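Residues per chain, in single letters:
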Amino acid sequence: MIKLYLKKLLQTFLFLAALIMLTALLFTLLITVFLWLKPQIKAAIVYFCLLLSAILLIYAIFLKRHENKRLKATYFDALPAEDYSFWKDYLVTLKTKENVVHTLAFLTIAFLNGIRIATSSSRPIGGLLLQITILSFLFTTLNTLIWCFVHSRWHMSRYGTQ
């Protein structure tokens, strides 16, 4: 369990580092091209670059998970013979050990970053709790959805449906 936690902690940290680096790279490229823009528009470009970076990295994660033959075989071995349902799969995936451990690893990073932010805030405890609650909800939802889309794709390729 500790080995899985440390693995997920490293993966999450690397994802966040890649997100920051890709966002900075995209921002630098766009600001270089649009040097003449006003400062207010530059802030919008930062958010656009962050969103674009997140989309690109989430797609890369989807592809990496989709191509993992060991996880695909394990998933189909544990699958009951009943019909596939996206929402049933979502609820089952949400409760899996790997998903829970991955969320805990993310929460560790979010908590450490939240402490840094909370120490400079006027309401440190309330802000920290709000930040961790929102981030954990978003991360868990998104991580589970990515897995469910992978599972859905596996089902489509297994049974030849589109």
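What comes next is a walk through the structure.

Thresholds, definitions, all that
Residues numbered from 1 in each chain as written. Predicted model: local features only at pLDDT ≥ 70, side-chain atom pairs only at ≥ 80, totals over all residues. Heavy atoms only, no water. Helix = DSSP H or I, 4+ residues; strand = E, 2+ residues; numbered from the N terminus. Buried < 20%, exposed > 50% of the residue type's maximum accessible area, 1.4 Å probe, protein only. Polar contact = N/O pair within 3.5 Å; in protein donor to acceptor, adjacent residues only side chain to side chain. Salt bridge = Lys/Arg side-chain N within 4 Å of Asp/Glu carboxyl O. Core = buried A, V, L, I, M, F, W, Y, C linked by side-chain atoms within 4.5 Å. Phe/Tyr/Trp six-rings, centres within 6.5 Å; stacked < 30°, edge-to-face > 60°. Axes fitted to C-alpha atoms, helices over the stretch in contact; angles between N-to-C directions. Parallel < 35°, antiparallel > 145°, perpendicular 65-115°, else oblique. Left-handed = near helix turned anticlockwise from the far one by under 90°. Contact = heavy atoms within 4.5 Å. Nonpolar A, V, L, I, M, F, W, Y, C, P; charged D, E, K, R; others polar.

1. Section: the side chain of His155
- As for its position among the elements, His155 is in helix α6 (residues 124-159).
- Using a relative accessible area of 7% as the deciding quantity, one classes His155 as buried.
- Among the polar contacts listed, one links the side chain of His155 to the side chain of Tyr75, at a separation of 3.2 Å.

2. A closer look at the pattern of salt bridges
- This model, assessed by the stated rule, comprises 1 salt bridge.
- Across the pair Lys8 and Glu98 runs a salt bridge whose closest N-O atoms are separated by 2.9 Å. Linking Lys8 in helix α1 (residues 2-33) with Glu98 in helix α5 (residues 97-118), this pair joins segments that are 90 residues apart in sequence.
- Residue Glu98 is classed as partly exposed on the basis of its relative accessible area, which comes to 25%.

3. Some words on the nonpolar core
- With 8 residues, the main nonpolar core is built from Phe62, Leu71, Tyr75, Phe76, Ile146, Trp147, Val150 and Trp154.
- For this core, the secondary structure elements donating two or more residues are α3 (69-78) and α6.
- Among the elements that make up this core, the one with the highest residue count is α6 (4 residues).

4. Points about the packing of aromatic side chains
- With the rule as written, the count across this model stands at 7 aromatic pairs.
- Pairing Tyr75 with Trp154 gives two aromatic rings, centres 5.7 Å apart and planes at 50°, and the pair type is tilted. You can see Tyr75 sitting in helix α3 and its partner Trp154 sitting in helix α6, a full 79 residues away along the chain.
- Ring geometry for Phe106 and Phe139: centres 4.3 Å apart, planes at 5°, overall stacked. Of this pair, Phe106 sits in helix α5 while Phe139 sits in helix α6, and the two are 33 residues apart along the sequence.
- The class of Phe106 is buried, set by a relative accessible area of 10%.
- When its relative accessible area of 15% is taken as the criterion, Phe139 is described as buried.
- Chaining the aromatic ring pairs together yields one cluster made of Phe86, Trp87, Tyr90 and Phe149.

5. Structural notes on the packing of α1 against α5
- Packing of α1 against α5 leaves a shortest axis separation of 8 Å and a crossing angle of 55°. Between α1 and α5, the crossing angle belongs to the class labelled oblique. Between α1 and α5 the crossing geometry is right-handed. For the pair α1 and α5, contact is made by Leu4, Tyr5, Lys8, Leu9, Thr12, Phe13 and Leu16 and by Lys97, Glu98, Val101, His102, Leu104, Ala105, Phe106, Thr108 and Ile109, respectively.
- Classifying every residue of the contact of α1 with α5 gives 10 nonpolar, 3 polar and 3 charged.

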